[in-house]
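Reading the structure
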There are 6 protein chains.
Amino acid sequence: RFGEAELDDQVGVVTGLAWTEVGGELLTIEGVMMPGKGKMTVTGNLKDVMKESISAAASYVRSRALDYGIKPPLFEKRDIHVHVPEGATPKDGPSAGTAMATAIVSVMTGIPVRRDIAMTGEITLRGRVLPIGGLKEKLLAALRGGIKKVLIPEENAKDLADIPDNVKNRLEIVPVSRMGEVLQHALIEPLKPVEWSETEEPLKGPEPTDEGATAVAH
Amino acid sequence: RFGEAELDDQVGVVTGLAWTEVGGELLTIEGVMMPGKGKMTVTGNLKDVMKESISAAASYVRSRALDYGIKPPLFEKRDIHVHVPEGATPKDGPSAGTAMATAIVSVMTGIPVRRDIAMTGEITLRGRVLPIGGLKEKLLAALRGGIKKVLIPEENAKDLADIPDNVKNRLEIVPVSRMGEVLQHALIEPLKPVEWSETEEPLKGPEPTDEGATAVAH
Amino acid sequence: RFGEAELDDQVGVVTGLAWTEVGGELLTIEGVMMPGKGKMTVTGNLKDVMKESISAAASYVRSRALDYGIKPPLFEKRDIHVHVPEGATPKDGPSAGTAMATAIVSVMTGIPVRRDIAMTGEITLRGRVLPIGGLKEKLLAALRGGIKKVLIPEENAKDLADIPDNVKNRLEIVPVSRMGEVLQHALIEPLKPVEWSETEEPLKGPEPTDEGATAVAH
Amino acid sequence: RFGEAELDDQVGVVTGLAWTEVGGELLTIEGVMMPGKGKMTVTGNLKDVMKESISAAASYVRSRALDYGIKPPLFEKRDIHVHVPEGATPKDGPSAGTAMATAIVSVMTGIPVRRDIAMTGEITLRGRVLPIGGLKEKLLAALRGGIKKVLIPEENAKDLADIPDNVKNRLEIVPVSRMGEVLQHALIEPLKPVEWSETEEPLKGPEPTDEGATAVAH
Amino acid sequence: RFGEAELDDQVGVVTGLAWTEVGGELLTIEGVMMPGKGKMTVTGNLKDVMKESISAAASYVRSRALDYGIKPPLFEKRDIHVHVPEGATPKDGPSAGTAMATAIVSVMTGIPVRRDIAMTGEITLRGRVLPIGGLKEKLLAALRGGIKKVLIPEENAKDLADIPDNVKNRLEIVPVSRMGEVLQHALIEPLKPVEWSETEEPLKGPEPTDEGATAVAH
Amino acid sequence: RFGEAELDDQVGVVTGLAWTEVGGELLTIEGVMMPGKGKMTVTGNLKDVMKESISAAASYVRSRALDYGIKPPLFEKRDIHVHVPEGATPKDGPSAGTAMATAIVSVMTGIPVRRDIAMTGEITLRGRVLPIGGLKEKLLAALRGGIKKVLIPEENAKDLADIPDNVKNRLEIVPVSRMGEVLQHALIEPLKPVEWSETEEPLKGPEPTDEGATAVAH
Ligand SMILES: [Ca+2]
Ligand SMILES: [Ca+2]
Ligand SMILES: [Ca+2]
Ligand SMILES: [Ca+2]
Ligand SMILES: [Ca+2]
Ligand SMILES: [Ca+2]
Ligand SMILES: [Ca+2]
Ligand SMILES: [Ca+2]
Ligand SMILES: [Ca+2]
Ligand SMILES: [Ca+2]
Ligand SMILES: [Ca+2]
Ligand SMILES: [Ca+2]
């Protein structure tokens, strides 16, 4: 069942799309949040550019925290771990940026990610979505894996001309240019901005992710 | 006696299964917990992917702590050391994930691990069990080492068709898809969920593992 | 749209100019500021010399903080992340120094950067602007990208003799010798010095950068 | 006199046995304890596997502290340094594990180690003694160095058949399977368990090792 | 103008002399001091031996602090950054030691460095000046760069016999054997010793370097 | 004058003896102590084995602190820097151990080192002096450098048979087996043990080394 869409909408679990020498592949991104002290751990045989894309995704989320309903002290009171199975395969490149940011927003807000959506796109610190390579192979992998909707960078929309119609007919392909659009498509509930001032007391965040509690049946 | 099943059910000692160029082998995973400050040490000539699998196992356990009866402050007040003898042999790969997570749950709860069980499987941060290689060699090693029951990834169940009947008849082979099942099979007592809120006082955990106190005769 | 001038004047976003084997290129520098503890993160597949140029830019800004209206405790209460998309391309060299310093001043003061300006120049710790290579290729890239004004090191002014007239006629090219001049050209508002003494209470800085709030229409 | 048994029973000084290309050799392990903050330093041109064997030995001792009469706060209030002269020779492998653990127990309890004993054996985190290589060469080195008694892993007892009688007649060779046996043979006084609960006040440990005070004449 | 003497006497800016394959060269050393926590940053594409010479210079200054009018708590309340433009050129060797120490004393006392002086010399922790190589090339570079006075190690005085008279006539060349002499020549004001005892309250140091405030016209 | 005996008895300055491909050489070891937090810095282009010998020397001194008149809290309130000029020459090996330990005892007690003494010897953590190589070359270097007395390891005394009489007649050569003997010969005043208990208040140590104050004329 690995390499296929998830069965549930889950908190912190996002389907990315990888492009390897042997074709496209679904890439599961997993985030969990734990009581802690603001530490970020990344694992899954990730090379430097993919590690940096998680760092950029995390700073994007931190710098937009209030818009997303996250009070800043939560960053100091939780640890986050982002993992990309399967550990035996090295993974690199910046194109999982949108998936990384979505996973982090999901774990920090407790809002699940739609299970039948996949995404690809580098992100900038301000949340712009930059173009990626291997669009065709990635879309084919999404189709094989049972994905219904794929978010791609707007700057890759021009490459859709080369994609066979039978792929385009069976997938909802959504070009996006900003992280805000990605989150609107990917999360099952809208994000609610929150007010916070530096003088407020530190506060309690959502409970740590708990699989049973956060899976949402459809 | 090394390379054979343990004589006692012990806290923090789990039998994994390794696959090397010269065949399968039992891999003892040892965990101990000590009064400390939340530090995790890993030794045993482990290469990066196996180190990361311990990190993922630890985050899985931390993110599920309440379900497993572990109050979060315990993570801050104990150090954990995971060691894989024999130090002269380099070890790598993600397939000891289920064994690593079982060792950590066992040391943190004080519940011993059944001595006649072995296991293989990569785990994800959410506790899914992913497939591994070398199933046949690993099962043969389990048999040689006096193991009675082997937990394998459900996605490897299809490979059982290639395993000789004399192996399958002499071992109880249990396909599992989630870490929860692994723990049900491996621990000698069921885990008991616990309640905890962030405002509670830090609390005392179980005493540090003590060999004499935790070994359970059968 | 990447590789072109920005559509808005934004806080923390500066257009640098890179010189590669295949010609010049716009290099977007992005800075964000977050509630934190004085940590500086730099990403974007940056090699050592470019990383050091960010370090020097940050120290330049810290050592001139009061002139720029930044009270020193802000450095201890915020984290800054400087990112240079696109992650797949390694980037090196000291010539983005003026752009790095401008990005840091912009995020720390909340004053947006003019969207139609680009800049190139190494900086020293005291804010002097040192000469760079590849002037012609960089100016051509600026022109292609829709830039109106380019800040170059004064010591490169002599190289303008080799630049075609059609480039010089369509770009406002401004030689600068000090970081102060760069900031006067690049920021949409003048910097206002501030008073501060070490015995003052720590204070609140500007809110973390928020894209919607800080973009300024023209 | 180096390469020979010690003249005194000393705290923290243990004789291990190394196996090199040119034969066996006595390996002095030295531990000292100092007022500090729980830092462990290891020196002596040690390669990774030997460093890890010290780490495992230290965790073994910490996890068994009460059985050995060591109150846990002592680990936080002392630094330990383990050194293996001679600095010009690189040293590796796990077989000094029993010697490392003995040195650490000795410095933390202040109980001297018998001067005429040598030992070889990898240890696990639970204190099991695992087999080693080069038994014959190591025993010959012990004999040459004036050692009276050698502790070897029980799993190496079968290799004694290959050892010449004149060696076996002149050395007391003791196969051991657990660290507890090692300590009984090696320390000049029995270890006394101690009670301790986490709510107790931090306490004073034994004075830092002092050569004059701890040497015991025979 | 880079590669020439400074126009102003500045705090923290010292002209060193480098010796490269293509001849001598002026090397600007820049130091700035910032409110901070005692962190030292060094940048400028510096290799290990030059980095260590900054470390030694800093310890020399710290160990002589009272003689130089610096109260020790200042070291804990300021960060110092030493940078050597130009970032594209790797730099190594111990011969900038006197310049490094002068830069650090200047930023910590706020006393500017004479603009028309250059210096070369390794220093020891006690402030002795050790001989350097490439004297002739360095003196020629000083002459070309408009320098009036050059401080050289006393042990290099014997090499002056090989320097052409037209160089010696146009430069004031001063052999020095101790760091104290270097500072007497280089700083525009004498250093004033200060009293301090460990029980005193932490105190305020000079303001962070500010270019406008510290430049001194001549 | 470098490469010769010092002119004064100084605190923290010890003459070691190095053995290189081109013969023996005096090696000045410099230590300084500064108000700080227990940090140890080592510089001088030192390779790993020499760095470790400084670490072992420091632990030896810490573990014997009371015998040498040093109250333990001083280690937490001072930083020590050990430097070996000349930075351009890489240095390695354990044979400067006695010199390193002498330098550290001298800076921490404020007792100067005799200027006309040189020493060579590896030390163990317990202060034993182990044999070294290159004795003849080192003695010749001592003679050339104006040294009067040389401390050598007792285990090297047998090698004196090969040293020419004219060397032995002009140098006082003292074989030593323990660090205590080294200090008796090298320091200008005897060490005075001190009492201290862990419950005492932290205390003031000697003032940081100050060249003027600590040099002692002869
Ligand atoms: Ca796959
Ligand atoms: Ca659950
Ligand atoms: Ca084995
Ligand atoms: Ca027990
Ligand atoms: Ca591009
Ligand atoms: Ca907004
Ligand atoms: Ca030897
Ligand atoms: Ca003594
Ligand atoms: Ca130059
Ligand atoms: Ca100014
Ligand atoms: Ca020399
Ligand atoms: Ca003085």
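So, here's what we can say about the structure. Residue indices follow the written sequence of each chain, beginning from 1 at its first position. Chains and ligands are labelled by the order in which they are written, letters from A for the one and numbers from 1 for the other. At least 70 in pLDDT is required for a residue's local features to be given in this predicted model, at least 80 for side-chain atom pairs to be given and counted, and no such filter applies to totals for whole chains, interfaces and linings, which use all residues. For side-chain calculations, the full set of non-hydrogen atoms in the structure is used, while hydrogens and water are omitted.

1. Notes on the overall build of chain A
By definition, any uninterrupted DSSP run of H or I lasting at least four residues is a helix, any uninterrupted run of E lasting at least two residues is a strand, and each is numbered from the N terminus. Across its full length, chain A carries seven helices and nine strands. Exposure categories follow from relative accessible area, calculated using a 1.4 Å probe and restricted to protein chains: below 20% of the type maximum is buried, above 50% is exposed, and the middle band is partly exposed. For chain A, with 218 residues in total, the buried portion stands at 59%. Long-range contacts, defined as pairs at least 24 residues apart, comprise 78% of the intrachain contacts of chain A with a sequence gap of at least 6. Per-residue accessibility takes into account occlusion by the displayed protein chains alone, with areas from the Shrake-Rupley method and a 1.4 Å probe. Of the accessible surface of chain A, which amounts to about 8400 Å², a share of 50% is contributed by carbon and sulfur atoms. Pairs of residues are marked as contacts when any of their non-hydrogen atoms sit within 4.5 Å.

2. Observations regarding the relation of the copies chain E and chain C
For these two chain copies, the linking operation is a rotation about an axis paired with a shift along it. We superpose the copies by least squares over the C-alpha atoms of residues that have a pLDDT of at least 70 in both of them. In screw terms, the move from chain E to chain C is a rotation of 60 degrees and a rise of 0.0 Å along the axis, fitting with an RMSD of 0.0 Å. Within this description, the copies of the chain are treated as partners about a six-fold rotation axis. Among all residues of chain E, the one whose C-alpha sits closest to the rotation axis is Lys37(E), at a distance of 12 Å.

3. A look at the interface of chain B and chain A
Listed as interface residues are 25 residues of chain B and, on the opposing side, 35 residues of chain A. Computed with a 1.4 Å rolling probe, the buried area is the accessible surface lost when two parts are put together, summed over both parts. A buried area of about 2400 Å², summed over both sides, lies between chain B and chain A, and 48% of it is on carbon and sulfur atoms. Ranking the residues of chain B by area buried against chain A places Leu125(B), Arg126(B) and Glu198(B) at the top, with a combined share of 27%. When a carboxyl oxygen of Asp or Glu is within 4 Å of a side-chain nitrogen of Lys or Arg, the pair counts as a salt bridge. Here chain B is connected to chain A by three salt bridges. With a closest N to O distance of 2.5 Å, Glu30(A) and Arg126(B) form a salt bridge. Residues adjacent in sequence count toward polar contacts only when both atoms are side-chain atoms; beyond that, a polar contact is any pair of N or O atoms within 3.5 Å, and within protein one must be able to donate a hydrogen and the other to accept it. Inspection of the chain B/chain A interface yields eleven residue pairs in polar contact (both at pLDDT 80 or more). Only helix H1 (48-63) and strand E6 (122-123) of chain B provide two or more residues apiece to the side of chain B that touches chain A.

4. Some details on the coordination of the calcium ion (ligand 11)
Around the calcium ion (ligand 11), the donor atoms from the protein are Glu25(F) (OE) and Glu86(F) (OE), and they sit 2.3 to 2.6 Å away. Taken together, the residues Glu25(F) in strand E2 (residues 23-35) and Glu86(F) in the loop between strand E4 (78-83) and helix H3 (97-109) connect sequence positions 61 residues apart. Metal-coordinating donors are taken as N, O and S atoms lying within 2.8 Å of the metal, or within 3.2 Å when the metal is Na, K or Ca; because water is left out, some sites can appear incomplete.

5. Overview of the coordination of the calcium ion (ligand 9)
All names here are of chain E. Taken together, Glu25 (OE) and Glu86 (OE) make up the full set of protein donors to the calcium ion (ligand 9), lying 2.3 to 2.6 Å away. Among the residues examined, Glu25 registers a relative accessible area of 36% and is labelled partly exposed. Look at Glu86 and you get partly exposed, because its relative accessible area is 31%.

6. Let's talk about the packing of helix H1 (residues 48-63) of chain E against helix H3 (residues 97-109) of chain E
Residue and element names in this part refer to chain E. Across the interface, H1 lies against H3 with an axial gap of 8 Å and an inter-helix angle of 45 degrees. Relative to H3, the element H1 is oriented oblique. For the pair H1 and H3, the sense of crossing is right-handed. Along the contact surface, H1 presents Met50, Ser53, Ile54, Ala57, Ala58, Tyr60 and Val61, while H3 presents Gly97, Met100, Ala101, Ile104 and Val105. Here the contact of H1 with H3 is composed, by residue class, of ten nonpolar, two polar and no charged. Angles shown run from 0 to 180 degrees and are taken between the N-to-C directions of axes, each axis being a line fitted to C-alpha atoms and, for helices, limited to the stretch in contact. Oblique is the label for any angle not under 35 degrees, not over 145, and not in the 65 to 115 range, which are roughly parallel, roughly antiparallel and roughly perpendicular in turn. Two helices crossing with the near one rotated counterclockwise from the far one by less than a right angle form a left-handed crossing, whereas a clockwise rotation gives a right-handed crossing. Residue classes follow a fixed rule: Ala, Val, Leu, Ile, Met, Phe, Trp, Tyr, Cys and Pro count as nonpolar, while Asp, Glu, Lys and Arg count as charged, and any other residue, Gly among them, counts as polar.

7. Side note on the interface of chain E and chain C
Facing the 33 residues of chain E at the interface are 24 residues of chain C. Summed over the shared surface of chain E and chain C, the result is three salt bridges. Seen at the junction of chain E and chain C, the total is eleven residue pairs in polar contact (both at pLDDT 80 or more). Of the residues belonging to the side of chain E that touches chain C, the class tally is ten nonpolar, twelve polar and eleven charged.

8. Focus: unusual backbone geometry
Residues and elements named next belong to chain A. Cis geometry is adopted by the peptide bond preceding Glu86, which originates at Pro85 and carries an omega value of 15 degrees. Backbone geometry at Asn45 places phi at a positive 65 degrees, although glycine is not the residue there. Tracing the sequence through the fold places Asn45 in the loop between strand E3 (40-43) and helix H1 (48-63).

9. Details of the sheet that holds strand E2 (residues 23-35) of chain E
Note: strands within a sheet are paired through backbone hydrogen bonds, in either parallel or antiparallel orientation. Residues and elements named next belong to chain E. Spatially, the seven strands line up as an open sheet ordered E3-E4-E2-E1-E5-E8-E9, and their pairing is mixed. Of all the strands in the sheet, just strand E3 (40-43) and strand E9 (172-176) have a single pairing partner and so form its edges. Each adjacent strand pair in this sheet contributes to an overall mean axis angle of 25 degrees, direction not counted. Direction of pairing for strand E1 (residues 13-20) relative to strand E5 (residues 117-119): parallel, over a ladder of two bridges. Its bridge partner being in E5, Thr15 is matched across the sheet by Ala118. Across the face of the sheet, H3 comes into contact with E1, E2, E3, strand E4 (78-83) and E5 while running at roughly 30 degrees to E2. At least two bridges found by DSSP between two strands are what make those strands a pair.

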